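# What the coordinates show
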Amino acid sequence: QVQLVESGGGLVQSGGSLRLSCVASGTASSIEMGWYRQAPGMQRELVATVTDYGRTNYADSVAGRFTISRDSAKNTVYLQMNSLKPEDTAVYYCYADSTGYGIDSWGKGTLVTVSS
């Protein structure tokens, strides 16, 4: 019922910045949206979350460097990534929890590559 489209990934040098965007389409608004990432051979890792009321949460590995925000009028969630490190290299996936009972929508992912 909700379709998610990510954009903003690319290749950056260590210490650089990127801003990811996730646009949600559909008639229902989501209680929670956020970002996971998955590096080659690794499990998906929860990076950041934001509720419809603006409450945010971050993984320890990105706290202080990444900022998640949400524009409800545009149905868009953003992930501002600063001070990027090679270990941040991964495919980043946007998700939505439209009911509060669990994730029910995933984006297709956008690749972030951080070079040394």
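Here's what I pulled together on the structure shown here. (Residues numbered from 1 in each chain as written. Predicted model: local features only at pLDDT ≥ 70, side-chain atom pairs only at ≥ 80, totals over all residues. Heavy atoms only, no water.)

Moving on, we get to the pattern of salt bridges. Enumeration over the complete set of coordinates arrives at four salt bridges. Taking the shortest distance from any N to any O, the salt bridge between R37 and E45 comes out at 2.9 Å. Judged by relative accessible area, R37 falls into the buried class, the value being 7%. Several salt bridges share partner residues, and in doing so they unite R37, E45, R65 and D88 into one network. (Salt bridge = Lys/Arg side-chain N within 4 Å of Asp/Glu carboxyl O. Buried < 20%, exposed > 50% of the residue type's maximum accessible area, 1.4 Å probe, protein only.)

Looking now at the nonpolar core. Ranked by internal contacts, the top residues of the largest apolar core, which has 26 residues, are W35, L79, M81 and Y92. Elements represented by at least two residues in this core include exactly strand 3 (18-25), strand 4 (32-38), strand 5 (45-51), strand 7 (66-71), strand 8 (76-81), strand 9 (90-97) and strand 11 (110-115). Here L79 is in contact with L18, R19, L20, W35, V47, A48, F66, T67, I68 and Y92, once residues within four sequence places are set aside. (Core = buried A, V, L, I, M, F, W, Y, C linked by side-chain atoms within 4.5 Å. Helix = DSSP H or I, 4+ residues; strand = E, 2+ residues; numbered from the N terminus. Contact = heavy atoms within 4.5 Å.)

Now for the pairing of strand 5. Counting buried positions along strand 5 yields five of seven residues, so the element is predominantly enclosed. By the bridge criterion, six bridges tie strand 4 to strand 5 in an arrangement that is antiparallel. For E32, the partnering residue across the bridge sits in strand 5 and is T51. Linking strand 4 to strand 5, which pair antiparallel, is a turn of six residues; within it G41 sits at a positive phi near 75 degrees. Both strand 5 and strand 6 (residues 56-58) contribute to a ladder of three bridges, which runs antiparallel. Residue pairing for strand 6: V50 is matched across the bridge by T56. Once strand 5 ends, the chain turns through four residues before running back antiparallel as strand 6, passing G54 with a positive phi of about 95 degrees. (Pairing = 2+ DSSP bridges.)

Keep in mind that these numbers describe shape and distance, not what the molecule does.
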